[in-house]
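# Residue-level structural notes
Below, each chain spelled out in residue letters.
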Amino acid sequence: MLVYHYTTLDTFFKILESKAIWASDLSKMNDPQEFIMGIELIREIFQDKSPELLDWFDRNQMFGLDAERLLLGCSFSEKTDDLSQWRAYGDDGQGVVIGIDKSVLHSNNTFTIPSFEPENERTASFVHFHKVIYSKKKFQNSVKELLNNSGDFINDRLEDFKLSIAISRLACSFKSDFYQNEQEIKAIIEYSKNPSLYLEEDYIKNQSFKLKFRVSQFGLVPYCRVNLGDTDASSIKTVNLGPKCNISQRDLEFMLLATGYKDVVVTNSDGKYR
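Report on the accompanying structure. As the structure is a prediction and not an experimental result, all values here were calculated from the model.

Let's shift gears to the packing of aromatic side chains. Applying the stated criterion to the full structure yields nine aromatic pairs. Arranged with centres 4.7 Å apart and planes meeting at 35°, the rings of Phe-139 and Phe-174 form a pair that is tilted. Here Phe-174 lies in the loop between α7 (157-172) and β8 (184-192) and Phe-139 lies in helix α6 (residues 136-148), a separation of 35 residues in the sequence. Taking relative accessible area as the criterion, Phe-174 reaches 4% and is therefore assigned buried. Pairing Phe-178 with Tyr-179 gives two aromatic rings, centres 5.2 Å apart and planes at 85°, and the pair type is edge-to-face. The exposure class assigned to Phe-178 is exposed, which follows from its relative accessible area of 70%. An aromatic cluster is built from Phe-46, Trp-56, Phe-57 and Phe-153, whose rings are joined through pairwise contacts.

This next bit is on the side chain of Glu-184. Along the chain, Glu-184 turns up in strand β8. Of the polar contacts made by the side chain of Glu-184, one reaches the side chain of Ser-75; its length is 2.7 Å. At a separation of 3.1 Å, a polar atom in the side chain of Glu-184 contacts the side chain of Lys-175. Setting aside anything within four residues of it in sequence, one finds Glu-184 in contact with Ser-75, Phe-76, Ser-77, His-130, Lys-131, Val-132, Tyr-134 and Lys-175.

Before going further, it helps to spend a moment on the pattern of salt bridges. Applying the stated criterion to the full structure yields 13 salt bridges. Its salt-bridge partner being Asp-55, residue Arg-59 comes within 2.8 Å of it at the nearest N-O pair. With a gap of four residues between them, Arg-59 and Asp-55 both fall in helix α3 (residues 54-59), about one helical turn apart. Among the residues examined, Arg-59 registers a relative accessible area of 59% and is labelled exposed.

Here we take up the nonpolar core. Residues Leu-72, Phe-76, Ile-100, Val-127, Phe-129, Ile-189 and Ile-236 are the most contacted members of the largest nonpolar core, which totals 36 residues. Broken down by secondary-structure element, the contributors of at least two residues to this core are α1 (9-18), β2 (20-25), β3 (69-77), β4 (96-101), β8, β10 (219-227), β11 (236-241) and α10 (249-258). The residues touching Leu-72, leaving out its near neighbours within four places in the chain, are Ala-23, Ser-24, Asp-25, Leu-26, Ala-187, Ile-188, Ile-189, Phe-209, Leu-211, Pro-222, Tyr-223 and Cys-224. Core analysis: the next-biggest nonpolar cluster, separate from the first, contains 28 residues, Phe-35, Met-62, Leu-163 and Ile-165 among them.

Pairing of strand β9 (residues 212-216) with β10 involves five bridges; the strand directions are antiparallel. The residue of β10 that forms the bridge with Arg-214 is Val-221. Counted along the chain from β9 to the antiparallel partner β10, the turn is two residues long.

Cut-offs used in this document
- Residues numbered from 1 in each chain as written.
- Predicted model: local features only at pLDDT ≥ 70, side-chain atom pairs only at ≥ 80, totals over all residues.
- Heavy atoms only, no water.
- Phe/Tyr/Trp six-rings, centres within 6.5 Å; stacked < 30°, edge-to-face > 60°.
- Helix = DSSP H or I, 4+ residues; strand = E, 2+ residues; numbered from the N terminus.
- Buried < 20%, exposed > 50% of the residue type's maximum accessible area, 1.4 Å probe, protein only.
- Polar contact = N/O pair within 3.5 Å; in protein donor to acceptor, adjacent residues only side chain to side chain.
- Contact = heavy atoms within 4.5 Å.
- Salt bridge = Lys/Arg side-chain N within 4 Å of Asp/Glu carboxyl O.
- Core = buried A, V, L, I, M, F, W, Y, C linked by side-chain atoms within 4.5 Å.
- Pairing = 2+ DSSP bridges.

Below is the structure:
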């Protein structure tokens, strides 16, 4: 399945050169209610359904503003040629939208799950895709279903961890219906804020990826690279040129071939506007 990322030409060329895309701190996105709105709705359900569990919810360190886990995200869309997204994210139609193969991206961002027996070790992707829910009722039903299927998370540490992670991921998937036209799919990466990860040599050597930082209008933004794969096995499968893009399809096809990207389909937007 392909998901689509709208961007400027300048950023597109940097993506091709670095073979990576950025996932940034969700709390520093353009939507100020990113993640927060989902957590607030989940807390309301706890308060209504199980008020005696509110203390567990409020003290939980896996989610919330003081959480011990950092949530990094990168936004994609199900739409490959959408006017509102050309205007908002595609340099007002002068940029491109990149079609990314989810399965290939998954396989290029993995870590090893250790085991006492080496033959039982396995790999897993640290990138999780979530289709955004814009309906408050649908989101509430998902939360209630999650709680109904949860084990004894008060007395069982494993069940506690599983529910905490599930709540955190579910909260990432909710946004106001104000953004519904974007039909967003989020790629989420979770990163611990445990000090030992940065102070103990064994942890540092075995980190799945390095956290980086940049300054934006929203302050200091943690981010990481999401690997798209080598040119001969890239997760980039399509490029759609924006309605006002001044690069020709033929020129871009030549550039992609010349730089090693052999199987990328290049198209032009069906739209025209000034």
